[in-house]
Amino acid sequence: GAGGASMLAPDEVLLRTFLVDAIEGLPLPSPWVLVQDPGGQPVFNNGSTGVFSKRHPFEAPLAELAAVFRAALPAGATDRGRLLATVREHWEAEVRGEFAKWYPVRLDDQWEYYCHAESGETMWERPESVLLPPHFMRTRALDRLVSEGHLARLRARARSGGRLVQDEVLVPVAGRAGGGGP
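In this text the structure is predicted, and so the values were computed from the model without any measurement.

**Quick notes on the overall build of the protein**
Right, so step 1: Scanning the protein for helices and strands turns up six helices and six strands.
Right, so step 2: Split into buried and exposed, the 182 residues of the protein put 38% on the buried side.
Right, so step 3: A sequence separation of at least 24 residues applies to 62% of the contacts in the protein between residues at least 6 apart.
Right, so step 4: Counting every atom, the protein has about 9,900 Å² of accessible surface; 58% of that belongs to carbon and sulfur.

Spelled out as structure tokens, the structure:
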């Protein structure tokens, strides 16, 4: 719950507030849905595979955002804008490249699945429904991070103990000093 946030350093509370802001109101990428486990805790269910996970499907892009936030926050507005523009260009190229690696495979007149040219991974979901939601979340968060006004609102929200709606889900991401992988 939000009570644990008061034990964090102010910049970490601000980071967590930023990450919650980044995912609030966004749909999960296909085929994930948020459900509750028998104990009432939030878990994510992959509708295609039946896998349940406590890890948010956006965990990897949220970890990337956390690292960018930590690098950008101390910078002045101009330097922060340049840094975020560079990150955005990198992420745009990355998603274009990843999208280009998927191709459709038609089983018959009714069924189509998608195959990754390099890994051989397959999925029923259209690549854009999997790749674009996390990309949109990251770029929307970058756009907000450029805005001094938005940063001021986040700071006020963090100071007031603002709603950390998805606090439990973000702990693994925000708690990593480097914002790195598993």
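Following the structure, the description resumes.
**Details of the sheet that holds strand S4 (residues 102-106)**
Right, so step 1: The three strands lie next to each other as S4-S5-S6, forming an open sheet whose pairing is antiparallel. With one partner strand each, in any of the chains shown, S4 and strand S6 (122-123) form the two edges of the open sheet.
Right, so step 2: The sheet contact formed by S4 and strand S5 (residues 112-116) spans five bridges and is antiparallel. Looking across to S5, one finds that Arg 106 is bridged to Glu 112.

**What about unusual backbone geometry?**
Right, so step 1: Cis geometry marks the peptide bond from Ser 30 to Pro 31; its omega dihedral reads 5 degrees.
Right, so step 2: Topologically, Pro 31 is positioned in the loop between helix H1 (10-23) and strand S1 (32-36).

Thresholds, definitions, all that
- Residues numbered from 1 in each chain as written.
- Predicted model: local features only at pLDDT ≥ 70, side-chain atom pairs only at ≥ 80, totals over all residues.
- Heavy atoms only, no water.
- Helix = DSSP H or I, 4+ residues; strand = E, 2+ residues; numbered from the N terminus.
- Buried < 20%, exposed > 50% of the residue type's maximum accessible area, 1.4 Å probe, protein only.
- Contact = heavy atoms within 4.5 Å.
- Areas by Shrake-Rupley, 256 points an atom, 1.4 Å probe, with all protein chains shown as cover.
- Pairing = 2+ DSSP bridges.

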